[in-house]
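What follows is the residue order along each chain.
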Amino acid sequence: MSSITEYFSGLFTGIRSLMGGMSVTWKELWTKKVTQQYPENRDTLVISDRFRAELVMPHDENNEHACTSCGICQLNCPNGTINITSEMIETAEGKKKKILSKYSWDLGMCTFCNLCVITCPSDAIKFNNTFENAVFTRSKLIQTLNKEGSKLREKKKETLAPKGE
Amino acid sequence: MLLNYSHPLEISNLTTWLDTTLRSSMPEFWVLFIEFALVIVALLTAYAVIALILIYAERKITAFFQARYGPNRVGKWGLLQSLADMIKILLKEIVKITRSDRFLFFAAPFFMIVASMATFGAIPFGKGLLAVDFNIGVLYVTAVSSVGIIGVLLAGWSSNNKYSMIGAMRSGAQFVSYELSAGFALMTIVVLAGTMQFSELIEGQRYCWNIFNGHISSIIAFVIYLISGHAETNRGPFDLPEAESELTAGYHTEYSGLQFGFYYLAEYLNMFIIASIATTVFLGGFLPIQVQGWDAFNGIMDFIPSYVWFFAKTAVLIFLSLWVRWSFPRLRIDQLLNLEWKYLLPINLVNIVVMVILVLTGLTLKDLFGII
Ligand code: SF4
Ligand code: SF4
């Protein structure tokens, strides 16, 4: 007897749940389309700020950056993507100081793990979300992040740039 | 003829005119010969065109269900997409499979396409647009459409590939099971209508479609027919013969180019055929919506050409099938067979008896309300 009631209750709950499923898909049919029609909607495209597309070294209006050329990011990079060249100079006060001469980063070898940004003690580098990185030759992927003639921002003038800038 | 003026958009006007002009200038034999040739050409063209439209519609509707746009690059709204796909598939190489059964391998797609084409030919598309009107039309359609399964089994067997083989075996089990239900559901309506001939079936539904005429029983039969028809086409939740995650593509894994195109085409056309048979048998075929006594309303409805009614009704059913397809997860083989043998078939058998009682005791809507 119970098996018969089971049969029928199973049948009707089955039908009800199928109807429930169909009502869900019916609503889905009228939802807004999520497709991004990429090349056309370039102007309105929203890419999350957290997206890691390209490593940059922010420079301020005086063409100064925050990199002390300590080499920590290079040490922490699991892929050897970062290559820092630095030189020793003598300041006016006669102190020896290491300054950055070339900060080179290879997009083609980066896994976008963000370790370099996290470990940098001066917050000198960050990832931005400009994702259109395709180039025709591999050599173009190797980028120099410090700008021509840029120099280290003086500590006294300004405190460290806030995190995430 | 009055008909000519009251239905200016009907294609039957054209066919009648063609027939009379041919007959006035030629002997009987040549008239028939030319007409047969024209019918064949028209059907083949319709077959291909409908398949293209269906492929486009399916891709669009599927996309909408998934909150996408679907094809929208080739032509306006992607309208030429399926045409482009067709050209691509025609140009593709047909790969010869070594160590397959060459003859059966090449024959298999033809079984599939011939079965679906032979069924397609028997569908009444509109007033006077019925190529063959057998007095056992329903039986013919059921019989001929089952030939397709031979194509599937042969494809699986001759490919010499375990995926194909398993896919074909599953498809065979599924098809044989659900063919039973589909047949019984149609028989329920044959009991109600008292005829197997499509033209009479349709004519009997002028003021009261079969689905309303037999109320409870008809609706159950309709639902069962849609479910089993859907299962026969190997689509939607019943697509385990080609479950790509386990069987790559099932029975047509080894096929390429045009041969694959045949299976693809037949699959889409089977969807159309199931929907159009359901339309014809349950939803009044190409007849417009008519209410007995409301002559003005009937006149207006009648002005819309019959083929428009037919395709509109069929389109609704096809949409239903797509809706089901994108709502439910795929069944396991045991669930699939359970559904058929433990639910659909017993319900169906009881349903036929109920229908017989309804008809014999005069409880159909036509009897109750005196509709002709
Ligand atoms: S994101 Fe990771 S891989 Fe890329 S440069 Fe930084 S540390 Fe190296
Ligand atoms: S980017 Fe940061 S971690 Fe890397 S060298 Fe410059 S200051 Fe050091």
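Source: prediction; values computed, not measured. (Residues numbered from 1 in each chain as written. Chains lettered and ligands numbered in written order. Predicted model: local features only at pLDDT ≥ 70, side-chain atom pairs only at ≥ 80, totals over all residues. Heavy atoms only, no water.)

A. Structural context of the overall build of chain B. Check the secondary structure of chain B and you find 17 helices and zero strands. Expected size for 372 residues packed as a compact globule is a radius of gyration near 21 Å; at 22 Å, chain B falls within 12% of this value. With the C-alpha coordinates aligned to their principal axes, the bounding extent of chain B is approximately 65 × 55 × 45 Å. For chain B, with 372 residues in total, the buried portion stands at 48%. Considering only contacts within chain B whose residues lie at least 6 apart along the sequence, 78% involve residues at least 24 apart. As displayed, chain B has an accessible area near 17,500 Å², and 74% of this comes from carbon and sulfur atoms. If you average the places of the 22 positive and of the 24 negative side-chain charges in chain B, the two averages end up 11 Å apart. (Helix = DSSP H or I, 4+ residues; strand = E, 2+ residues; numbered from the N terminus. Rg over C-alpha atoms; globule rule 2.2 N^0.38 Å. Buried < 20%, exposed > 50% of the residue type's maximum accessible area, 1.4 Å probe, protein only. Contact = heavy atoms within 4.5 Å. Areas by Shrake-Rupley, 256 points an atom, 1.4 Å probe, with all protein chains shown as cover. Lys, Arg positive; Asp, Glu negative; His and termini not counted. Charge placed at Lys NZ, Arg CZ, Asp CG, Glu CD.)

B. Here's a closer look at the overall build of chain A. Of regular secondary structure, chain A possesses three helices and seven strands. Ordering the α and β elements of chain A from the N terminus gives α-β-β-α-β-β-α-β-β-β. In summary, chain A has a C-alpha radius of gyration of 27 Å against a globular reference of 15 Å for 165 residues, an excess of more than 25%. For chain A, the spread of C-alpha atoms along the three principal axes comes to 100 × 40 × 35 Å.

C. Region of interest: the interface of chain B and chain A. Listed by partner, the interface residues are 18 residues for chain B and 16 residues for chain A. Between chain B and chain A, a total of about 1,600 Å² is buried, with carbon and sulfur atoms accounting for 67% of that surface. Summed over the three residues of chain B that lose the most area to chain A, namely B:A67, B:Y69 and B:W323, the buried surface amounts to 32% of that side. Across the contact surface, chain B and chain A share one salt bridge. Where B:R73 meets A:E40, a salt bridge forms, and the shortest distance between an N and an O atom there is 3.5 Å. Inspection of the region where chain B meets chain A yields nine residue pairs in polar contact (both at pLDDT 80 or more). Elements represented by at least two residues in the side of chain B that touches chain A include exactly α3 (28-65), α15 (306-325) and α16 (333-360) of chain B. Of the residues forming the side of chain B that touches chain A, the biggest block, four residues, is contributed by α16(B). Partitioned by chemical class, the residues of the side of chain B that touches chain A number 13 nonpolar, two polar and three charged. (Buried area = accessible area lost by both parts, 1.4 Å probe. Salt bridge = Lys/Arg side-chain N within 4 Å of Asp/Glu carboxyl O. Polar contact = N/O pair within 3.5 Å; in protein donor to acceptor, adjacent residues only side chain to side chain. Nonpolar A, V, L, I, M, F, W, Y, C, P; charged D, E, K, R; others polar.)

D. Just the layout of surface pockets, in detail. Taken as a whole, the largest pocket holds about 1,400 Å³ of empty space. Residue lining of the largest pocket: 41 residues in total, with A:I15, A:L18, B:V223, B:I227 and B:L339 positioned closest to the centre. Elements that contribute at least two residues to the lining of the largest pocket include exactly α1 (2-29) of chain A together with α11 (215-232), α13 (257-282), α15 and α16 of chain B. A per-element tally of the lining of the largest pocket places α1(A) first, with 10 residues. Residue classes in the lining of the largest pocket are distributed as 31 nonpolar, eight polar and two charged. Elements supplying a minimum of two residues to the lining of the second largest pocket: α2 (11-25), α3 and α15 of chain B. Looking at which element gives the most residues to the lining of the second largest pocket, the answer is α3(B), with 11 residues. Its residues assigned to classes, the lining of the second largest pocket comprises 19 nonpolar, four polar and two charged. (1 Å grid on protein atoms, 1.4 Å probe; cavity = no way out; pocket = protein on both sides within 12 Å on 5 of 7 lines; lining within 4 Å. Points joined across faces, edges and corners; volume = space filled by probe spheres on them.)

E. Highlighting the side chain of B:T119. All names here are of chain B. Position of T119 among the secondary structure elements: in helix α5 (residues 102-121). Since its relative accessible area comes to 1%, T119 is described here as buried. Apart from the residues lying within four places of it in its own chain, the contact partners of T119 are V141, V144, S145, I273 and I277.

F. Layout of α1(A). Over its 28 residues, α1(A) runs 40 Å from end to end, which matches the ideal 40 Å to within 8%, given 1.5 Å per residue. Among the residues of α1(A), those classed as buried are A:L11, A:M22, A:T25 and A:L29. Buried residues belonging to α1(A) abut α3, α15 and α16 of chain B. (Expected span 1.5 Å × (residues − 1).)

G. Molecular detail of the sheet that holds strand β4 (residues 96-106) of chain A. All names here are of chain A. Judged by pairing direction, the sheet is antiparallel, and its three strands sit side by side in the order β3-β4-β6 without closing on themselves. With partners counted over all chains shown, the strands left at the sheet margins are β3 (82-90) and β6 (142-144), one partner each. Across the sheet, the mean angle separating the axes of adjacent strands is 25 degrees when strand polarity is ignored. Where β3 meets β4, nine bridges bridge the pair, whose relative direction is antiparallel. The partner of N83 across the bridge, within β4, is S104. (Pairing = 2+ DSSP bridges. Axes fitted to C-alpha atoms, helices over the stretch in contact; angles between N-to-C directions.)

H. Representation of the pairing of β4(A) in the model. Residues and elements named next belong to chain A. Connecting β3 to the next strand, β4, in antiparallel fashion are five residues, including G94 with a positive phi near 90 degrees. Pairing of β4 with β6, which is carried by three bridges, proceeds in the antiparallel orientation. Looking at β6, one finds that D106 is bridged to I142.

I. Region of interest: the site of ligand 1. Neighbouring ligand 1 are 14 residues, the closest being A:C77, A:C110, A:C113, A:N114 and A:C116. Of the residues contributing to the shell around ligand 1, the split by class is 10 nonpolar, four polar and no charged. (Near = heavy atom within 4 Å.)

J. Fine view of the nonpolar core. Residues B:F120, B:F222, B:Y225, B:F272, B:V281 and B:F282 are the most contacted members of the largest nonpolar core, which totals 77 residues. Residues A:C67, A:C73, A:I82 and A:A124 belong to the second largest nonpolar core, which totals 20 residues. (Core = buried A, V, L, I, M, F, W, Y, C linked by side-chain atoms within 4.5 Å.)

K. View of a nonpolar patch on the surface. Residue and element names in this part refer to chain B. Nonpolar side chains collect at one region of the surface, where W77, L79, L80, L83, M86, I87, L90, L91, I94 and L258 lie side by side and expose about 940 Å² of accessible area between them. Tallying contributions element by element places helix α4 (residues 81-91) first for the nonpolar patch, with five residues. Counting through the fold element by element, L83 comes out in helix α4. We classify L83 as partly exposed; its relative accessible area is 38%. (Patch = residues over 30% accessible without salt bridge, like charges linked within 9 Å, V, L, I, M, F, W, Y side chains within 5 Å.)

That is the geometry; function is a separate question.
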